[in-house]
Amino acid sequence: MFHRNLRNTFGAVASAVLLGAATLAPAHAETKIPFTLDWKFEGPAAPYFVALDKGYYAAEGLGVEISEGAGSLDAIPKVATGAFPMGFTDINSLMKFLDQNPGAPVTAVMMVYDKPPFAVVGRKSLGIETPKDLEGKVLGAPPPDGAWAQFPIFAAEQGLDMTKITVEPVGFPVREPMLAEGKVAAITGFSFTSTLNAKRLGVPMEDQTVLLMADYGVALYGNAIIVNTDFAKANPEAVTGFIRATAKGWKDAVAAPAEAVEALIKRNPAADPAMETDRLQMAIDANVLTDYVKEHGMGSVEADRFAKAIEQTKSVYEFKADPDASLYFDAQYLPTDGSLMLQ
């Protein structure tokens, strides 16, 4: 059964949200979709604001409100309980959540990061140039971080001796500052987040070693749009419309990253437009616009690759029940009108 503590924590909010979602409304009524990101309003969040500002969500009859997140693991219980009908999170962490909370009404419906941005970012001046260099060093890792959640696979693939790595649990706000101050030799994080944050704090790119886990044997997918399945069953057209509008926002961001970031800066005026444009471009180049996406469009997963990702997760995580790919990703809501093509 769905974890009792989570139900108690979010139950009241969940009941209100799901009751509203299931209520039949006139065809012209706007469907409200509070949407939680995985992280702060940074460059890779710009496509959602583009879709909002250009009326792509409104054209689908959706009233979308976008909220910041507090790490990839943060969005899953929010959506599972219905506090948010839709969100953005690491699909690998979703697998573990569903294993630990069987029956939880949440699944992924749109893959966004076809290649995950999970990374270890270290400093060359502190001796980090290869994965093996992490042994004997201090690694800063926020417990709710999606990259840290997948670190055991990275470590296993690279044959690292975890007893020789000192793992320092750190909060997100101090992760890059600790790297900049030399208090840790490396950190886990999303490549486009940690590298540029460290650069802003005075760590030049030439002193950074970026170990993208996908380049070191980690055959996983990354972040995906997730949905509360009760909400999806009651509002299937709204879910498809959200996916279609989101893809349009990403398509515009791919074509004109700097213009897309303008929509972000409206919500985060303190952000550096140039840096956030670089961050968005990094996400597009390394994580979103892969060869597979160029050919097939964004949103879907390959069955064979997904099966391999599950097997890799099994190598470092003991599932309580046999993993079932159909519980983790549901392709039925993906639009079939060509709107998922990004170029």
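Because the structure is predicted, anything quoted here is derived from the model rather than measured.

(A) Highlighting the environment of P117. Mapped onto the elements of the fold, P117 is located in the loop between strand 4 (106–111) and strand 5 (118–123). Between the alpha carbons of P117 and L160 there is a distance of 20 Å; along the sequence they are 43 residues apart. Ignoring any residue separated from it by four or fewer positions in sequence, one finds P117 in contact with G189, F190, S191, F192, L212 and N287.

(B) Inspection of the layout of surface pockets at higher detail. Empty space within the second largest pocket amounts to approximately 290 Å³. What lines the second largest pocket is a set of 19 residues, and nearest its centre among them are K40, E42, N197, R200 and R279. For the lining of the second largest pocket, the elements supplying multiple residues, two or more each, are helix 7 (172–180), helix 8 (191–200) and helix 12 (273–288). Top element by residues in the lining of the second largest pocket is helix 7. It accounts for five residues. Split by residue class, the lining of the second largest pocket holds nine nonpolar, two polar and eight charged.

(C) Expanded view of the sheet that holds strand 5. Strand order in the open sheet made by the five strands is 7-6-8-5-9, with mixed pairing throughout. The strands lining the two open edges of the sheet, one partner per strand, are strand 7 (166–169) and strand 9 (208–212). Going from strand to strand, the sheet's axes swing by 30 degrees on average, the running direction of each strand aside. Relative to strand 7, strand 6 (residues 138–141) runs parallel, the two sharing four bridges. Note that in strand 7 the partner of A141 across the bridge is P169. In the packing of helix 6 (residues 146–157) onto the sheet, contacts are made with strand 5, strand 6, strand 7, strand 8 (186–190) and strand 9, and the angle to strand 5 comes to roughly 90 degrees.

(D) Fine view of the environment of D114. With respect to the helices and strands, D114 occurs in the loop between strand 4 and strand 5. For D114, a relative accessible area of 5% translates into the label buried. For D114 and V288, which are 174 residues apart along the polypeptide, the C-alpha to C-alpha distance reads 5.7 Å. Setting aside its immediate chain neighbours within four residues, D114 contacts L220, Y221, N287, V288, T290, Y292, V293 and R305. Of note is the side chain of D114, whose polar atom sits 2.6 Å from the side chain of T290.

(E) Up close: empty space enclosed by the protein. Under the criterion given, the structure shown has two cavities of 30 Å³ or more. Empty space within the largest cavity amounts to approximately 110 Å³. Lining the largest cavity we find 14 residues, and of these D38, W39, K40, P44 and Y113 sit closest to its centre. For the lining of the largest cavity, the class distribution of residues is nine nonpolar, one polar and four charged.

Each value, and the rule that gives it
Residues numbered from 1 in each chain as written. Predicted model: local features only at pLDDT ≥ 70, side-chain atom pairs only at ≥ 80, totals over all residues. Heavy atoms only, no water. Helix = DSSP H or I, 4+ residues; strand = E, 2+ residues; numbered from the N terminus. Contact = heavy atoms within 4.5 Å. 1 Å grid on protein atoms, 1.4 Å probe; cavity = no way out; pocket = protein on both sides within 12 Å on 5 of 7 lines; lining within 4 Å. Points joined across faces, edges and corners; volume = space filled by probe spheres on them. Nonpolar A, V, L, I, M, F, W, Y, C, P; charged D, E, K, R; others polar. Pairing = 2+ DSSP bridges. Axes fitted to C-alpha atoms, helices over the stretch in contact; angles between N-to-C directions. Buried < 20%, exposed > 50% of the residue type's maximum accessible area, 1.4 Å probe, protein only. Polar contact = N/O pair within 3.5 Å; in protein donor to acceptor, adjacent residues only side chain to side chain.

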